[in-house]
Amino acid sequence: MITNQLNKDKLYNELQIKTNELVENNKRLQELDKMKSEFVHMVNHELRSPMVTIKGYTELLLNNKNGELPDQAVQKLAVMQRSINRLNNIIENIRALTIIDSDRKKIRISKINAIKVINDVYNDMLILTGKRRQNLKLDIQNQYPSILYNEEQLYQCLANLITNSIRYSPDGSDIIIGALCNENEKEIIFYVKDTGMGIEEKEFKNIFLPFYEIKNIKEHHSGTIEFNSAGTGLGLTIVKKIVESYNGRVWVESPGLWKGSTFYFTVPFDKLEKGY
Ligand SMILES: Nc1ncnc2c1ncn2[C@@H]1O[C@H](COP(=O)(O)OP(=O)(O)O)[C@@H](O)[C@H]1O
Ligand SMILES: [Mg+2]
């Protein structure tokens with residue numbers, strides 16, 4: 001009996017020590033994670049200002065208003081500009097990620113109208129789909145319950161998904177932007193559907209990881225035009241971070257390679273809205 005009790009006490013003490021260790025380690029990890037976010041945010045901030053100068057002057061030179069520059073120089077500048085745009089894109093994407101991490105309180109949230117945001121993004125994307133002769137279509141209702149969101153962030157989620165669909169689908173194909181009401185879950189389900197490359201089921205989770213690109217990326221380019229804003233592998237990570245910060249879900253469905261993909265994300269209704 002006594003030895004039994006002694007054993008129990010010993011085990012209990014050991015468990016207590018281990019639990020304390022875990023709590024300490026967890027705290028330390030959280031501190032390190034915060035330091036990492038702050039560091040990335042700071043480096044990113046420092047990279048932005050020289051970037052603005054390089055970008056601006058390259059554009060100015062490329063304008064070549066008086067035809068002062070020889071053709072060869074203009075060609076080289078154009079190559080430079082593509083790389084600059086790519087770098088700029090990476091910087092802006094990392095900024096978007098760190099903002100979600102560190103400035104949560106600074107993000108302005110208001111009652112927004114889903115139709116307005118969809119129309120804005122639709123009109124902006126027409127320039128890109130036009131270059132690929134793709135047909136951008138809408139599948140929307142006349143009205144939606146209001147949602148509490150940051151308008152730019154909702155725009156960014158849709159824009160990231162649509163630019164992917166443009167990039168990973170053939171010229172001339174259809175892309176649909178849609179939104180449906182899920183009355184049971186009190187949420188709007190936004191979706192972007194394409195008939196492009198598709199995604200294998202084993203990659204469904206991976207593609208949302210930072211800097212993840214499916215290996216056969218070269219074959220993945222299905223269009224004639226290389227985008228200025230070539231991929232950074234951060235687009236879907238940003239969508240996931242934004243969506244989850246509003247308690248939404250994001251997922252992809254695809255019947256397989258070359259069978260198209262549909263990306264979905266949810267946004268909860270504004271709970272204060274009457275009738276919901
Ligand atoms: N609509 C799509 N069709 C096929 N593959 C896609 C689609 N959207 C994303 N992917 C795959 O998921 C990867 C990650 O996407 P994303 O995070 O936006 O990064 P990227 O900058 O490479 O577009 C892409 O590299 C691509 O392999
Ligand atoms: Mg992308």
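Considering the packing of helix H4 (residues 151-167) against helix H6 (residues 235-245)
Then, in step 1: Packing of H4 against H6 brings their axes to within 9 Å, and their N-to-C directions diverge by 150°. As summarised for this structure, H4 and H6 are arranged roughly antiparallel, according to the angle between their axes. For the pair H4 and H6, the crossing hand works out as left-handed. Where H4 abuts H6, its residues Gln 153, Gln 156, Cys 157, Asn 160, Leu 161 and Asn 164 lie against Gly 235, Leu 236, Ile 238, Val 239, Ile 242 and Val 243.
Then, in step 2: By residue class, the composition of the contact of H4 with H6 is seven nonpolar, five polar and no charged.

Some remarks on the environment of Lys 202
Then, in step 1: With respect to the helices, strands and loops of the structure, Lys 202 is situated in the loop between strand S5 (187-194) and helix H5 (217-220).
Then, in step 2: For Lys 202, a count of 7 C-beta atoms within 10 Å puts it in the exposed group.
Then, in step 3: Lys 202 sits 121 residues away from Gln 81 along the chain, and the two C-alpha atoms are 36 Å apart.

Here we look at H6
Then, in step 1: Judged by how many residues are buried, H6 sits mostly within the fold: nine of eleven residues are covered.
Then, in step 2: Along H6, the residues classified as buried are Gly 235, Leu 236, Thr 237, Ile 238, Val 239, Lys 240, Lys 241, Ile 242 and Val 243.
Then, in step 3: Backbone geometry just after H6 places Asn 247 at a positive phi near 60°.

Observations regarding unusual backbone geometry
Then, in step 1: The backbone of Arg 133 sits at a positive phi, close to 50°, despite the residue not being glycine.
Then, in step 2: Relative to the elements of secondary structure, Arg 133 occurs in the loop between helix H3 (114-131) and strand S2 (135-139).
Then, in step 3: Take Arg 133: there are 12 C-beta atoms within 10 Å of it, and that puts it in the exposed class.

Points about the domain arrangement of the chain
Then, in step 1: Taken domain by domain, the chain holds domain 1 (2-104) and domain 2 (107-268).
Then, in step 2: Averaged C-alpha coordinates put domain 1 and domain 2 at centres separated by 23 Å.

Details of the sheet that holds strand S4 (residues 174-182)
Then, in step 1: Pairing in this open sheet of five strands is mixed, and the strands run S2-S4-S5-S7-S6 from one edge to the other. Of all the strands in the sheet, just S2 and strand S6 (250-253) have a single pairing partner and so form its edges. Each strand axis lies, on average, 15° off the axis of its neighbour in the sheet, ignoring direction.
Then, in step 2: The pairing of S5 with strand S7 (residues 262-268) spans seven bridges and is antiparallel.

A few points about the nonpolar core
Then, in step 1: One finds Cys 157, Leu 158, Ile 162 and Val 239 to be the most contacted residues of the largest nonpolar core, which totals 35 residues.
Then, in step 2: Residue assignment for this core shows that the elements contributing at least two residues are helix H2 (71-102), H3, strand S3 (147-149), H4, S4, S5, H6 and S7.
Then, in step 3: It is H4 that provides the largest number of residues to this core, a total of seven residues.
Then, in step 4: The residues contacting Ile 162, other than those within four sequence positions of it, are Val 121, Met 125, Ile 175, Ile 177 and Val 192.

What to know about H3
Then, in step 1: With 18 residues, H3 should reach 26 Å at 1.5 Å per residue; the first-to-last C-alpha distance of 26 Å fits that figure.
Then, in step 2: Largest kink in H3: about 35°, centred on Met 125.
Then, in step 3: Among the residues of H3, those classed as buried are Ala 114, Val 117, Ile 118, Val 121, Met 125 and Thr 129.

What counts, and at which threshold
Along each chain, residues carry numbers from 1 onward, in the same order as the chain's sequence is written. Here every chain gets a letter starting at A, and every ligand a number starting at 1, in the order they are written. In view of the model being predicted, local features appear only for residues whose pLDDT reaches at least 70, and side-chain atom pairs are presented and counted only at 80 or more, with totals across whole chains, interfaces and linings using the full set of residues. Structural elements are reduced to axes, namely lines fitted to C-alpha atoms, with helices fitted over the stretch in contact, and the angle between N-to-C directions of any two is expressed from 0 to 180 degrees. Strands here mean DSSP runs of E at least two residues long; helices mean DSSP runs of H or I at least four residues long; both are numbered from the N terminus. Note on angle classes: values under 35 degrees are labelled roughly parallel, values over 145 roughly antiparallel, values of 65 to 115 roughly perpendicular, and the remainder oblique. Here a crossing is called left-handed whenever its near helix is offset anticlockwise from the far helix by less than a right angle, and right-handed whenever the offset is clockwise. It is the C-beta atoms, placed from the backbone, that decide contacts: two residues are in contact if theirs lie within 7 Å. Classification convention: Asp, Glu, Lys, Arg as charged; Ala, Val, Leu, Ile, Met, Phe, Trp, Tyr, Cys, Pro as nonpolar; all other residues, Gly among them, as polar. For the exposure call, what matters is how many other C-beta atoms sit within 10 Å of a residue's own: 20 or more marks it buried, 12 or fewer exposed, and in between partly exposed, using C-beta atoms placed from the backbone. A domain assignment, automatic or from a database, supplies the domain bounds used here. Pairing between two strands is assigned when DSSP locates at least 2 bridges connecting them. In these notes, a nonpolar core means any group of buried Ala, Val, Leu, Ile, Met, Phe, Trp, Tyr and Cys residues linked to one another through C-beta atoms within 7 Å. Given a helix with a known number of residues, its expected span is that number minus one, times 1.5 Å. One axis is fitted to the seven residues ending at the residue and one to the seven starting there. The bend at that residue is the angle between these axes.

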